[in-house]
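Take a look at the letters that make up each chain.
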Amino acid sequence: MRIDVISLFPDMFGVVRDSGVTGRAHNQGIWALHAWNPRDFTHDIHRTVDDRPYGGGPGMVMLAEPLKQTLQTIRTQRGTTSVDNAPVILLSPVGKRFDQSLAARLANSAGAIFVCGRYEGVDQRFIDGYVDEQWSLGDFVLSGGEIAALAMIDAAVRLMPGALNHGDSSLQDSFQDSISGLLDSPHYTRPELLWDQPVPPVLLSGNHASIARWRREQSLALTSKNRPDLLEHARHLGLLTKSDEKFLDSLKT
Ligand code: 4HQ
């Protein structure tokens, strides 16, 4: 997979290229990252990338022309023909909310070209003419699209075959389950007694059925408390057993 990003701060993408799971996957050639600065595609003495908004108002708007020039260079390098129809994705709070299914879609694709805006946003004519999709990290305002793009790249790359240490897809499965179904249960490691708090004894019992039931109940209780929307969704999909419902009932009393 090849990811291109257009950003006034291309150095920010060193984080996913060089560290952790995504860094190792990059070194293994599982994915490639190319970061482009639209300032390098300006032609005026001040290397201008923004200007004042028509109609007035605060802040500045990113110029369409340097973004278009950057995109044309990327398209030439990627090869406009054949299988490479990488979508141009703008990070924006007005976009479709990013989730695990979009991460999986990206992970299973040949890649994407992410456009990271700064200031108040991007000239709408660039969006109308060149952007295929708009994705949002969530209902909050960032200073730029970079941190949203970094989060999305991380979520996608870790799903690619070979990216995780835990070879098989077991980790991915539990993650998928926890997102589409219930929140993950708590984890414990050594020591057995820490700050006067013991590890829940069931986890030391060696009884795998009891452990599975305990984890399930922890997930149910946590999801009920923090994400009742996910619990309702899981119920709607028929993912809750009679035993689950009985346990949830017992929480109410
Ligand atoms: N932005 N999810 C870039 C965001 C955002 C989000 C605000 C995008 C600023 C210039 N991006 N503009 N939320 O808050 O993706």
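Residues numbered from 1 in each chain as written. Predicted model: local features only at pLDDT ≥ 70, side-chain atom pairs only at ≥ 80, totals over all residues. Heavy atoms only, no water.

Caption draft 1: Layout of the layout of surface pockets. Approximately 460 Å³ is the volume found for the largest pocket. Looking at the largest pocket, it is lined by 25 residues, and the ones nearest its centre are Leu91, Ser92, Pro93, Glu120 and Gly121. For the lining of the largest pocket, the secondary structure elements donating two or more residues are β5 (88-97), α5 (124-130) and β7 (133-136). In terms of residue class, the lining of the largest pocket is built from 13 nonpolar, ten polar and two charged. (1 Å grid on protein atoms, 1.4 Å probe; cavity = no way out; pocket = protein on both sides within 12 Å on 5 of 7 lines; lining within 4 Å. Points joined across faces, edges and corners; volume = space filled by probe spheres on them. Helix = DSSP H or I, 4+ residues; strand = E, 2+ residues; numbered from the N terminus. Nonpolar A, V, L, I, M, F, W, Y, C, P; charged D, E, K, R; others polar.)

Caption draft 2: Expanded view of the domain arrangement of the protein chain. Domain boundaries assigned for the protein chain yield domain 1 (2-157) and domain 2 (174-251). For domain 1 and domain 2, the distance between their C-alpha centroids amounts to 37 Å. (Domains from an automatic or database assignment.)

Caption draft 3: Region of interest: a nonpolar patch on the surface. The grouping of Phe140, Leu142 and Ile147 at the surface amounts to a nonpolar patch, some 270 Å² of accessible area in total. Examined against the element boundaries, Ile147 turns out to sit in helix α6 (residues 146-157). (Patch = residues over 30% accessible without salt bridge, like charges linked within 9 Å, V, L, I, M, F, W, Y side chains within 5 Å. Areas by Shrake-Rupley, 256 points an atom, 1.4 Å probe, with all protein chains shown as cover. Salt bridge = Lys/Arg side-chain N within 4 Å of Asp/Glu carboxyl O.)

Caption draft 4: Layout of the packing of helix α4 (residues 100-107) against α6. It is at 8 Å that the axes of α4 and α6 come closest, and there the two elements cross at 70°. Taken together, the axes of α4 and α6 are roughly perpendicular relative to one another. Here α4 runs over α6; the crossing is right-handed. Contact residues: α4 offers Ala103, Leu106 and Ala107, while α6 offers Met152, Ala155 and Ala156. The residue inventory of the contact of α4 with α6, partitioned by class, reads six nonpolar, no polar and no charged. (Axes fitted to C-alpha atoms, helices over the stretch in contact; angles between N-to-C directions. Parallel < 35°, antiparallel > 145°, perpendicular 65-115°, else oblique. Left-handed = near helix turned anticlockwise from the far one by under 90°. Contact = heavy atoms within 4.5 Å.)

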